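Fold and geometry: a report
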Amino acid sequence: MHVIVHGGAGSLPETPATRQGTLTEAAEQATDAEGPIEVVLAALRPLESDPAFNAGVGGAIQSDGEVRTDAGLMTDGGGVGAACAMSGVVHATDVAHTVATETPHVLLAGNEAVDFAAGTGVETGRDLTTTETRQRYERADPPDGGPADHLDWVREHFSGTDTVGAVATDGDRLVAATLTAGRWYALAGRVGDVPQVGAGFYADDRGGASATGEGEAIARFGLARRAVELLGTYGPKQAAEEAIAEFEDATGGRAGVILLDHAGHTGAERNTAAMQTATR
């Protein structure tokens, strides 16, 4: 079993050694799981619960004070599921997996996605804020009213890039997954690249990718799919480098991407200050 995990592309973390240790442990323990789907789910669950990562608990807060989680998962055989804009859901990747395996759909959103999660055994109703994130949000003097009243505040404060993701293979099957709590001070209900197939995540018979960074730019460019397409020409390391170079040239945005092929070869590239990864 091979897996590569990332903790998000963005600024330098406050506690890089601690975060790296968490990523490394997550990758190591995940490879004991039965298959690639189970591996990516096992690798991402600890990150969803760790406030050091923008994945669930302690994640970015939107303009109305809510943390909303998004996730997407895809197999090399074309199985795909995603869920987004979910309040109170820590393990968003589990919801995406259930969408892929139990429904005829690709994406569920909002309150209905939360209801679906609850009905299929995924925990809901959690407070995803922490004392630190609540204080950060309040210091930004959040606006009153509905989303239309928040626009000026959002334009001034919208920031952040962190996401987490994993790609795993047993040499035969391959799975890619990405999840996030979004970007700080986004308009209530905003959804970025993460649950969009080909943007935040992608897998096919060439390999799989998970993207991280400025979601609007990633979605416009289709970063994950482009990175996997480049596996048809290059190995994972150079494919990741070429994908980020093309992305930056086309969008001027900041991002990172991880890649894994069926042989277990990995690649990772970024144009941000940092992107921590772990492989096993």
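Residues numbered from 1 in each chain as written. Predicted model: local features only at pLDDT ≥ 70, side-chain atom pairs only at ≥ 80, totals over all residues. Heavy atoms only, no water.

**Some words on the nonpolar core**
- In this structure, Val5, Met86 and Val95 are the most contacted members of the largest nonpolar core, which totals 35 residues.
- No other element matches helix α2 (residues 36-48), which puts six residues into this core.
- Those residues in contact with Met86 that lie beyond four places of it in its chain are Val67, Arg68, Thr69, Ala92, Val95, Gly110, Ala113 and Val114.
- Core analysis: the second largest hydrophobic core is formed by 32 residues, Val80, Ala211, Leu223 and Ile244 among them. (Core = buried A, V, L, I, M, F, W, Y, C linked by side-chain atoms within 4.5 Å. Buried < 20%, exposed > 50% of the residue type's maximum accessible area, 1.4 Å probe, protein only. Helix = DSSP H or I, 4+ residues; strand = E, 2+ residues; numbered from the N terminus. Contact = heavy atoms within 4.5 Å.)

**Some thoughts on the sheet that holds strand β7 (residues 201-204)**
- Spatial ordering of the open sheet is given by β7-β8-β9-β10, a layout of four strands whose pairing is antiparallel. Here the strands that pair on one side only, and so sit at the sheet edges, are β7 and β10 (266-270). Looking at each pair of strands side by side, their axes are set apart by 10 degrees on average, direction ignored.
- Of the strand pairs in this sheet, strand β8 (residues 207-213) and strand β9 (residues 255-260) are connected by six bridges, and their pairing is antiparallel. (Pairing = 2+ DSSP bridges. Axes fitted to C-alpha atoms, helices over the stretch in contact; angles between N-to-C directions.)

**Some details on a nonpolar patch on the surface**
- Residues Val106, Leu107 and Val197 make up a contiguous nonpolar surface patch of roughly 220 Å² in combined accessible area.
- Along the polypeptide, Val197 turns up in the loop between β6 (174-180) and β7.
- Judged by its relative accessible area of 40%, Val197 is partly exposed. (Patch = residues over 30% accessible without salt bridge, like charges linked within 9 Å, V, L, I, M, F, W, Y side chains within 5 Å. Areas by Shrake-Rupley, 256 points an atom, 1.4 Å probe, with all protein chains shown as cover. Salt bridge = Lys/Arg side-chain N within 4 Å of Asp/Glu carboxyl O.)

**Quick notes on the side chain of Ser63**
- Assignment of secondary structure puts Ser63 in the loop between α2 and β2 (68-75).
- For Ser63, the residues in contact, after removing those within four places along its chain, are Tyr137, Pro143, His150, Trp153, Val154, Tyr185, Ala186, Leu187 and Ala188.

**Quick word on the pairing of β8**
- A large share of β8 lies buried, amounting to seven of its seven residues.
- Residue alternation in β8 divides its side chains into two sets, Gly207, Ala209, Ala211 and Gly213 and Gly208, Ser210 and Thr212, and both sets are buried.
- Where β7 and β8 come together, four bridges link them in antiparallel fashion. Directly across from Ala203, in β8, lies its bridge partner Gly208.
- Here β7 folds back onto β8 in antiparallel fashion, the turn holding two residues.

**What to know about a negative patch on the surface**
- On the surface, Glu138, Asp141, Asp144 and Asp149 cluster together into a patch of negative charge.
- Positionally, Asp141 belongs in the loop between α5 (131-139) and α6 (151-157).
- A residue is classified by how much of its surface remains accessible, and Asp141, at 60% relative accessible area, is exposed. (Lys, Arg positive; Asp, Glu negative; His and termini not counted. Charge placed at Lys NZ, Arg CZ, Asp CG, Glu CD.)

**Here we look at the packing of helix α8 (residues 223-230) against helix α9 (residues 236-251)**
- The contact between α8 and α9 brings their axes to 8 Å, and the two run at 135 degrees. Regarding the angle of α8 to α9, the classification is oblique. Classified by chirality, the crossing of α9 by α8 is right-handed. Contacts from Leu223, Arg226, Ala227 and Leu230 in α8 reach Ala239, Glu242, Ala243, Ile244, Glu246 and Phe247 in α9.
- Residues that form the contact of α8 with α9 fall into these classes: seven nonpolar, no polar and three charged. (Parallel < 35°, antiparallel > 145°, perpendicular 65-115°, else oblique. Left-handed = near helix turned anticlockwise from the far one by under 90°. Nonpolar A, V, L, I, M, F, W, Y, C, P; charged D, E, K, R; others polar.)

**So, the sheet that holds strand β4 (residues 107-109)**
- Pairing is mixed in the open sheet, where seven strands are placed in the order β4-β3-β2-β6-β5-β1-β11. Every other strand in the sheet has two partners, leaving β4 and β11 (274-279) as the edge strands with one partner each. Each adjacent strand pair in this sheet contributes to an overall mean axis angle of 10 degrees, direction not counted.
- Bridge count between strand β1 (residues 2-10) and β11: five bridges; the pairing is antiparallel. Residue Ala9 lies in a different strand from β11, and its bridge partner there is Met275.
- Helix-sheet contacts for helix α4 (residues 110-119) involve β3 (80-87) and β4, and the interaxial angle to β3 is about 110 degrees.

**Focus: the pattern of salt bridges**
- Taken as a whole and assessed by the stated rule, the structure comprises 14 salt bridges.
- Asp127 is paired through a salt bridge with Arg134; the nearest N and O atoms lie 3.7 Å apart.
- Overall, the relative accessible area of 51% leaves Asp127 in the exposed class.
- As a salt-bridge pair, Arg226 and Glu229 come within 3.3 Å of each other at their nearest N and O atoms. One end of the pair, Arg226, and the other, Glu229, are both in helix α8, three residues apart, so they sit about a helical turn from each other.

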